[in-house]
Amino acid sequence: MEEWVGQWWHRIVTRLADRQYPQAAVRLEDMSGQLAVVFRAMGGLPQWRLASAAERRHAGPRGLMQKLAGNGERFATPTLDAETLALPPVLAIFEQTELNRALYLWLAGQGAMRLQLAACEDPCEEPARTGWIQGNLLATSALLAQYPGWRARYHRLVEQHLAQRPNPDGLKGRQAVCERAVQSALRQSIGQTLVSEGASNAPVDADPAVRSEEVAPVCLWVDVSLAQAAMQARAREEQARDGQGEQAPKPTDGARRRAKQTTESHERHALMMFFRAESLLSWTEFVRVNRQTDDDPVEDAKQIANDMDTLSVAPGGQTLASRVRFDLDLPSAAADDQVIAQGILLPEWDHRKASLLPDHCAVQLLMPTVVAPWQVPASLRTMASRMRRRLESLRAMPRWQGGHTSGERLDMDAWVRWQAESRSDGGDLATLSEPRVFARPQRSERSLATLLLADLSLSTDAWASQDARVIDVIRDALYVFGQAMEGLGDPFEMLGFSSVKRHNVRVHALKRFNEPWGPATRDRVGAIKPGYYTRMGAAVRFATRQLSLRTEKQRLLLLLTDGKPNDLDHYEGRFGLEDTRHAVQAARAAGLHPFCITIDEQAADYLPYLFGQQGYALVHKPQDLIARLTQIVGQLSR
């Protein structure tokens with residue numbers, strides 16, 4: 001009975017204390033695509049991504065019911081750091097759904113403008129003129145000056161938000177001062193006229209010492225995390241000094257949490273306790289403990305991280321070069337594949353210097369060693385035959401050619417052009433010439449060359465399903481691709497690649513342009529195995545060089561991968577992405593059509609930046625890779 005009464009009381013009090021509007025809630029995951037477009041269009045750099053913000057504590061006033069219910073202490077503050085624009089996962093602040101949706105769009109634009117303003121300043125220092133209030137006023141002024149169509153929407157958002165904020169007259173001390181400063185700044189932003197030349201005339205008379213944690217959440221403003229920017233800069237300096245880097249693990253829930261850089265002096269007598277046991281520190285205060293790798297993991301680590309205001313991060317006291325690392329080593333010459341050519345030098349793009357490093361990578365061209373003939377499963381042969389017949393039917397299908405005075409189908413584009421030209425000339429053109437607005441089916445000779453580049457890195461050794469690894473799925477897809485392309489009769493080549501630093505980019509020749517598709521090439525496909533790392537830019541440049549030698553009118557460069565570019569040295573993170581993007585752009589400049597097919601669930605975060613919105617395809621289920629590959633080939637080869 002007591003438990004039932006307690007649960008009933010908790011539900012009633014929580015419901016009365018809730019100031020949200022669940023019926024009008026808008027989720028970030030539903031708006032992520034639209035927000036990404038707005039963020040990029042308003043100046044957000046492609047390296048920054050949208051993420052879900054974690055809740056953090058604030059010192060704003062709470063009502064009596066909120067104190068009884070124990071809520072209202074935390075809010076997912078919109079935050080811009082060195083890598084992401086973190087927005088609340090759910091917005092249910094206003095009673096109208098369209099206002100919550102408009103608030104998401106405004107925050108994306110505000111974050112993009114704050115990023116532009118922060119790019120002109122030192123990321124490790126906070127100038128006095130760009131505190132929390134001043135920085136958001138500058139961003140708001142610049143945003144409304146460049147996009148005046150947002151003014152009415154912004155005025156409505158500010159009026160609704162001011163109506164929800166606490167009355168400063170009912171507050172005392174520092175809370176009252178900070179709340180008056182915030183409300184004054186919000187009213188000043190909607191009463192301000194258009195500014196010229198960016199935000200040079202924006203108001204700067206607000207108190208620069210007011211922090212976002214001191215007041216009730218301001219849902220219209222974006223906070224800039226300077227501590228994380230400084231930590232990222234320090235990490236980049238360590239990577240440059242050591243010549244290698246480690247990729248930090250990402251949170252499993254996708255939330256972007258607030259970090260704080262701390263320092264810890266080394267104690268000579270670390271085991272001596274100079275304080276009473278009852279004054280032990282809480283988990284929110286930093287205690288430097290050297291945690292061994294064989295310790296049991298904390299099961300509720302995610303909940304603890306959510307309860308902490310800040311995550312304290314301290315350097316480990318060792319550089320990356322001083323740690324013991326076990327890297328993948330190259331096999332001996334006797335156990336390795338047969339070397340066809342080596343020392344093929346290729347450039348690499350360094351985005352930090354904005355220059356192409358000549359002869360920076362060395363490519364080895366290898367022939368896979370076939371131990372025994374590959375026994376193709378009967379089910380795979382059946383699927384290959386079905387895909388081959390499908391592509392052969394596409395080849396036999398005639399193409400429609402326009403520009404005829406009579407035909408079997410009306411070409412609507414040609415008809416619209418003819419009508420526009422006729423009316424612009426006063427009807428003379430219509431009387432003097434017959435309209436060429438019909439199309440006829442005609443068979444045309446195909447001129448297509450395709451190169452398939454498959455990622456054979458160590459990550460392909462992971463299991464894609466209960467009974468198949470990623471490398472097994474790739475092997476089956478390569479076999480079906482070869483069978484289907486043989487039916488089309490178009491020339492094609494298949495290469496696999498992996499790498500161990502820049503001097504050992506390994507490219508496996510599975511099938512060359514001048515080779516027929518037969519038992520020898522099928523056995524090479526059956527002999528592929530997981531390799532090493534993924535230096536994607538060098539592999540794309542080598543494939544571009546091979547495909548550029550072809551004389552066909554249409555040349556497709558297909559990339560089959562399962563993850564981001566990475567290697568042992570500095571080739572990871574932004575460096576790898578920028579180099580791969582530069583290689584893809586060089587392929588397009590050479591007249592090729594690059595297209596990426598991936599099974600990486602996180603591909604939408606970086607592939608649009610590398611290949612463009614229409615330059616990649618995400619296969620959610622690895623077992624569907626075979627059907628999707630042949631379908632994409634059929635669409636691109638039309």
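In the block above lies the structure referred to throughout.
Keep in mind it's a predicted model, so treat the numbers as computed, not measured.

## Looking at the packing of aromatic side chains
Counted by the stated rule, this structure contains seven aromatic pairs. Taking 5.9 Å as the distance between ring centres and 50° as the angle between the ring planes, the aromatic pair formed by Trp106 and Trp150 counts as tilted. Of the two residues, Trp106 is situated in helix H4 (residues 97-118) and Trp150 in the loop between helix H5 (132-146) and helix H6 (151-164); the sequence distance between them amounts to 44 residues. Neither Trp106 nor Trp150 differs from the other in exposure class; each is buried. Taken together, Trp106, Trp150 and Tyr154 form an aromatic cluster joined through their ring pairs. One residue, Lys511, lies across the ring of Phe492, its end atom 4.0 Å from the ring centre. When the ring centre of Phe513 is taken as origin, the NZ or CZ atom of Arg550, which lies over that ring, is 4.6 Å away.

## What to know about the environment of Ile133
Tracing the backbone through its elements, the reader meets Ile133 in helix H5. By relative accessible area, Ile133 is classed as buried at 0%. A sequence separation of 48 residues divides Ile133 from Ala181, and the C-alpha atoms of the two residues are 8.4 Å apart.

## Examining the nonpolar core
A general tendency of soluble globular proteins is for nonpolar side chains to be buried together. Grouped together as the largest cluster of nonpolar side chains are 49 residues, with contacts concentrated most on Leu103, Ile133, Leu186, Leu220 and Trp221. When residues of this core are traced back to their parent elements, those giving at least two are helix H2 (28-41), strand S6 (84-87), H4, H5, H6 and helix H7 (173-190). At ten residues, the largest contribution of residues to this core is made by H4. Ignoring anything within four residues of it in the chain, the contact list for Leu103 reads Leu91, Ile93, Phe94, Leu157, Cys219 and Leu220.

## Details of helix H13 (residues 470-488)
Given 3.6 residues to a turn, an α-helix orients residues that are three or four positions apart in the same direction. Over its 19 residues, H13 extends 27 Å from the first C-alpha to the last, a length consistent with the 27 Å expected when each residue adds 1.5 Å. The buried fraction of H13 amounts to 17 of the 19 residues, a majority that puts the element mostly inside the structure. Two residues or fewer after H13 comes Gly489, characterised by a positive phi angle close to 85°.

## A word on the sheet that holds strand S20 (residues 554-561)
Strands sit in the order S12-S13-S19-S18-S17-S20-S21-S22 across an open sheet of eight strands; the sheet is mixed. The outermost strands of the open sheet, each flanked by one partner alone, are strand S12 (338-350) and strand S22 (616-618). The mean angle between the axes of side-by-side strands here comes to 25°, regardless of whether they run parallel or antiparallel. Where S12 meets strand S13 (residues 355-367), nine bridges bridge the pair, whose relative direction is antiparallel. Bridged to Ile344 within S13 is Val363. Its contacts with the sheet place helix H15 (residues 536-548) against S12, S13, strand S17 (448-455), strand S18 (492-499), strand S19 (505-511) and S20, and it is angled at close to 110° to S12. Its contacts with the sheet put helix H18 (residues 625-636) on S17, S20, strand S21 (593-598) and S22, and the angle it makes with S21 is roughly 165°.

## Considering the pattern of salt bridges
Summed over the entire model, instances satisfying the criterion amount to 21 salt bridges. Here Glu348 makes a salt bridge to Arg535, at a shortest N to O gap of 2.8 Å. Taken together, the residues Glu348 in strand S12 and Arg535 in the loop between helix H14 (519-526) and H15 connect sequence positions 187 residues apart. Within the structure, one salt-bridge network assembled from shared partners comprises Arg56, Arg211, Glu213 and Asp223.

## Focus: the pairing of S19
Of all seven residues in S19, seven are buried, a share of seventy percent or more. Where S13 and S19 come together, four bridges link them in parallel fashion. Across the sheet, the residue bridging to Val363 is Val505, located in S19. Relative to S19, S18 is paired through six bridges, and the arrangement is antiparallel. What sits directly across from Leu495, in S19, is Ala509.

Parameters and conventions
- Residues numbered from 1 in each chain as written.
- Predicted model: local features only at pLDDT ≥ 70, side-chain atom pairs only at ≥ 80, totals over all residues.
- Heavy atoms only, no water.
- Phe/Tyr/Trp six-rings, centres within 6.5 Å; stacked < 30°, edge-to-face > 60°.
- Helix = DSSP H or I, 4+ residues; strand = E, 2+ residues; numbered from the N terminus.
- Buried < 20%, exposed > 50% of the residue type's maximum accessible area, 1.4 Å probe, protein only.
- Lys NZ or Arg CZ within 6 Å of the ring centre and 35° of its normal.
- Core = buried A, V, L, I, M, F, W, Y, C linked by side-chain atoms within 4.5 Å.
- Contact = heavy atoms within 4.5 Å.
- Expected span 1.5 Å × (residues − 1).
- Pairing = 2+ DSSP bridges.
- Axes fitted to C-alpha atoms, helices over the stretch in contact; angles between N-to-C directions.
- Salt bridge = Lys/Arg side-chain N within 4 Å of Asp/Glu carboxyl O.

On their own, these measurements won't tell you what the molecule is for.
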